[in-house]
Amino acid sequence: MSVLHRFLSASAASWVKILLTVVSQVLLVPVFLSHWTVEQYGCWLIVQTIVGISSILSVGYQNYVGFEFLKAGSGAPLLIRRLFYSALPVVLLISLFELLLVALLAYWGVLALAFDADGSMPPALLREAMWSLVLYSLSWLVSSSAGGMAGRVVAPYGQFPRMAWWNTILALGVALTSGIAVALGAGLLGTVACIAAANLLVNLPLHLDMWSMFRRYGLFPVAPDWRLGWRGAWQSLAISLSTVLDLSRQQGVRIFLGAIIGVAPMTAFSTMRTMSNISLQGIGTITNPIMPEIMRFLRERDAERTDATMGFVWFFSVMLLVPVLIAFQWVMPALFAIWTRGKIAFDPALFGLFSIALLVFAIARPAMAVLQGNNLLRVQLYISIAVSALAVAGIVLLTGRFGVVGAGAVLLLAECGGSVLAVFFAARWLRENGMVFPWQLLRIAAAAIGVAGAGIGAMVLWPTAAAAAAALSAACAVLCCVWFVRRLPAPALEKVAAMARRLPGLRRAG
């Protein structure tokens, strides 16, 4: 399978997963709010956030070892086998530790503070939330700890697309299960129990398929090197801490807002951020499948293809996303009330801040790929500490005075800081290794983000002229896109043209 075929397959799987996410969230939010109270739904959101944080050590370790697999490449099978079978028992022990920690923090009442800071929540609902956290952690240990590591070890052999399709099937199972469970009258704990069962059912054939891939590539067991495994676990703590800090400003902000202004305003904040989170996953459909390829180009010090890959990522994750987010800002006021059944008020300024922050996040993805792919752990940690400290401090200081809009502005400012730092350190690494950062493409992408910011700001300030502002800013965004394409390196243009030829209409025309 060629590079383009692998990219298209993995991207298709990711876009199908996003489509499922969009459909499920559009359909499930009314289902949840029709059968649950706002407090129950708020607990559900906080449970999802804590679950992501509780598995951070094992995920960080999986990511660290996964990048080591990519750095080694398929041409070093003995090294990959040694890395994998040394890491496998360690990741299981880390996941077990995470389960025990969640259970103890729930038993001691520490986690209850994130749900019930003022003591007003019904005790039965709080108990359900605590047991839901424990059940989620148990499901992660059984279904995803070893499987996550196995899915990463086959990526250097071109199997990233296959694992992406399995993740899509898993997402479909979770979405269907949660919607059916709630519609049939399940509460918070009952819904989580159904999701855990669905995870197990999907993971059984998934693990069988991974074992068949292991036999195909000769990834047979070897004796684990415990020193190697634990050394990687120690080094991966930097990734885990960086991820915790990133989550604190991306998703963990729910916990801070819930404690500062209450569950109901936090629910409004999180619900309006849903579309941004969906778009965030869309960015992942570009950056994640391309990671094995960009690591190969960096390993070979291929400057032209590295620049082309970065331009390719910006084209799809920034240039094409700008007009989409402008359109979202225009249509969302009319759709939001229908979507939330009138229970949550729409705030156009907050939604606009989320959209601009998403674009700023996207522009830093190629730079972060350089830092993550080479496991530049200290740099990633320094960036996360600086940016997350700014975000958390700003939320604590400004939310009480300016409300959720203040929190949105702080998150945008933090995202800008993180992007600047990521580009600075990635450019320095490229320069030290005989390559140059594609500054001209970056400037054009930044100009497109400025166009989006101006258009969205105009729609917020003058809602009666929103249609005109959307049309004008979208036209300027298209001009930026044309300008960007004219500056793309030849390999990137060839890849974009090859993708265009695969579109049904263009293929017939050709």
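Residues numbered from 1 in each chain as written. Predicted model: local features only at pLDDT ≥ 70, side-chain atom pairs only at ≥ 80, totals over all residues. Heavy atoms only, no water.

## Digging into the overall build of the chain
We apply this condition: Here a strand is any run of E in DSSP of at least two residues, a helix any run of H or I of at least four, and the numbering for each starts at the N terminus. Each residue's exposure class comes from its accessible area (1.4 Å probe, protein chains only) as a fraction of the maximum for that residue type: buried when under 20%, exposed when over 50%, partly exposed otherwise. All accessible areas in this document rest on Shrake-Rupley with a 1.4 Å probe, and a residue is counted as covered only by the protein chains that are shown.
Counting its regular elements, the chain contains 22 helices and 0 strands. The buried share of the chain, reckoned over its 510 residues, is 54%. Accessible surface computed for the chain: about 21900 Å², of which carbon and sulfur atoms make up 70%.

## A few points about the side chain of Glu98
The condition that has to hold: Contacts were defined at the residue level, with two residues in contact if any of their heavy atoms lie within 4.5 Å.
In this structure, Glu98 sits in helix H4 (residues 77–107). Among residues more than four places away in sequence, those in contact with Glu98 are Ser54, Ser55, Ile56, Leu57, Ser58 and Trp140.

## Quick notes on the confidence of the model for the chain
For clarity, the cut-off: Within a predicted model, pLDDT stands for the predictor's per-residue confidence, ranging from 0 to 100.
Averaged over the chain, the pLDDT score is 82; the fraction of residues at 70 or greater is 82%. The weakest mean pLDDT in the chain belongs to helix H22 (residues 504–509) at 47; the strongest belongs to H4 at 94. Note that pLDDT drops below 50 for residues 505–510; the model gives that stretch 4 contacts with residues more than four away or on any other chain.

## Some details on the nonpolar core
Put simply, the rule is: Here, the term nonpolar core denotes a set of buried Ala, Val, Leu, Ile, Met, Phe, Trp, Tyr and Cys residues that are joined through side-chain atoms within 4.5 Å.
Trp314, Val318, Met319 and Phe437 are the most contacted members of the largest nonpolar core, which totals 71 residues. Ranked by the residues each element gives to this core, the list is headed by helix H18 (residues 377–432), at 18 residues. Apart from residues no more than four positions distant in its own chain, Met319 is found in contact with Trp314, Ile444, Ala445, Ala448, Cys480, Cys481 and Phe484. The next biggest cluster of nonpolar side chains, apart from the first, holds 33 residues, and it includes Val47, Ala106, Ala129 and Tyr136.

## With respect to the pattern of salt bridges
Here the idea is simple: oppositely charged side chains can pair when their charged atoms come close. Stated formally: One speaks of a salt bridge when a side-chain nitrogen belonging to Lys or Arg is within 4 Å of a carboxyl oxygen belonging to Asp or Glu.
One pass over the structure, following the stated rule, counts 3 salt bridges. Put simply, Arg82 and Asp225 hold a salt bridge, and the shortest N to O gap is 2.8 Å. Here Arg82, found in helix H4, pairs with Asp225, found in the loop between helix H9 (188–216) and helix H10 (226–250); they are 143 residues apart in sequence, far enough to count as distant. Linking Asp209 and Arg162 is a salt bridge whose minimum nitrogen-to-oxygen distance equals 2.5 Å. Of this pair, Asp209 sits in helix H9 while Arg162 sits in helix H8 (residues 160–183), and the two are 47 residues apart along the sequence.

## Considering a nonpolar patch on the surface
Convention followed: Residues form patches when they are more than 30% accessible in relative terms and have no salt bridge. Like charges link within 9 Å. Nonpolar side chains (Val, Leu, Ile, Met, Phe, Trp, Tyr) link within 5 Å.
On the surface, a cluster of nonpolar side chains totalling about 480 Å² of accessible area is made up of Leu93, Leu96, Leu100, Trp226 and Trp230. Among the elements of the structure, H4 and H10 are those that each provide at least two residues to the nonpolar patch. No other element matches H4, which puts 3 residues into the nonpolar patch. Turning to its location among the elements, Leu96 is positioned in helix H4.

## Digging into helix H7 (residues 145–153)
With 7 of its 9 residues buried, H7 lies for the most part within the structure. Where H7 is concerned, the buried positions are Ser145, Gly147, Gly148, Met149, Ala150, Gly151 and Val153.

## Looking at the environment of Phe336
Of note, Phe336 is situated in helix H15 (residues 321–339). As for Phe336 and Phe346, which are separated by 10 residues in sequence, their C-alpha atoms are 6.5 Å apart.

## Thoughts on the packing of aromatic side chains
Inclusion rule: Pairs were defined over the aromatic rings of Phe, Tyr and Trp, the Trp ring being its six-membered one, requiring ring centres within 6.5 Å. Orientation was assigned from the angle between planes: stacked under 30 degrees, edge-to-face over 60, tilted for the rest.
Tallying each qualifying case throughout the model produces 11 aromatic pairs. Ring geometry for Trp36 versus Trp44: centroids 6.0 Å apart, planes at 65°, classification edge-to-face. Taking relative accessible area as the criterion, Trp44 reaches 11% and is therefore assigned buried. A centroid spacing of 5.2 Å and a plane angle of 75° characterise the contact between Phe84 and Phe214, whose relative ring orientation is edge-to-face. In this pair, Phe84 sits in helix H4 while Phe214 sits in helix H9, placing the two residues 130 residues apart along the sequence.

## Overview of the packing of helix H6 (residues 123–143) against H9
This is how the line gets drawn: Fitted lines through C-alpha atoms give the axes, limited to the stretch in contact for helices. The angle between two N-to-C directions lies from 0 to 180 degrees. Note that the term roughly parallel is reserved for angles under 35 degrees, roughly antiparallel for angles over 145, roughly perpendicular for angles of 65 to 115, and oblique for everything else. Just so you know the grouping, Ala, Val, Leu, Ile, Met, Phe, Trp, Tyr, Cys and Pro go in nonpolar, Asp, Glu, Lys and Arg go in charged, and all remaining residues, Gly too, go in polar.
One way to put it is that H6 packs onto H9 with a least axis distance of 9 Å and a crossing angle of 5°. In terms of their interaxial angle, H6 and H9 are classed as roughly parallel. For the pair H6 and H9, contact is made by Leu125, Glu128, Ala129, Trp131, Ser132, Leu135, Tyr136, Ser139, Val142 and Ser143 and by Leu188, Leu189, Val192, Ala193, Ile195, Ala196, Asn199, Leu200, Asn203 and His207, respectively. Residue composition of the contact of H6 with H9, by class: 13 nonpolar, 6 polar and 1 charged.

## Looking at unusual backbone geometry
Here Asn375, not a glycine, exhibits a phi torsion of approximately 50°, which is positive. Looking at the secondary structure, you find Asn375 in the loop between helix H17 (365–373) and H18.

## Quick look at the side chain of Gln40
When you line up the elements, Gln40 lands in helix H2 (residues 38–54). Judged by relative accessible area, which is 17%, Gln40 ranks as buried. Apart from the residues within four sequence positions on either side, Gln40 is in contact with His35 and Leu125.

## Details of the environment of Leu200
Along the chain, Leu200 turns up in helix H9. C-alpha of Leu200 to C-alpha of Ser139: the two residues are 61 residues apart in sequence and 7.6 Å apart in space. In contact with Leu200, not counting residues within four places along its chain, are Val142 and Ser143.

## Thoughts on the packing of H4 against H7
Stated formally: Should the near helix be turned anticlockwise from the far one by less than a right angle, the crossing is left-handed, and should it be turned clockwise, the crossing is right-handed.
One can describe the packing of H4 onto H7 by two numbers: an axis separation of 9 Å at closest approach and a directional angle of 160°. One element, H4, and the other, H7, form an angle in the roughly antiparallel class. You can see that H4 and H7 cross each other, and the crossing is right-handed. Residues Ile80, Phe84, Ala87, Leu88, Val91, Leu92 and Ser95 of H4 pack against Ser145, Ala146, Met149, Ala150 and Val153 of H7. Across the contact of H4 with H7, the residue classes break down as 10 nonpolar, 2 polar and no charged.

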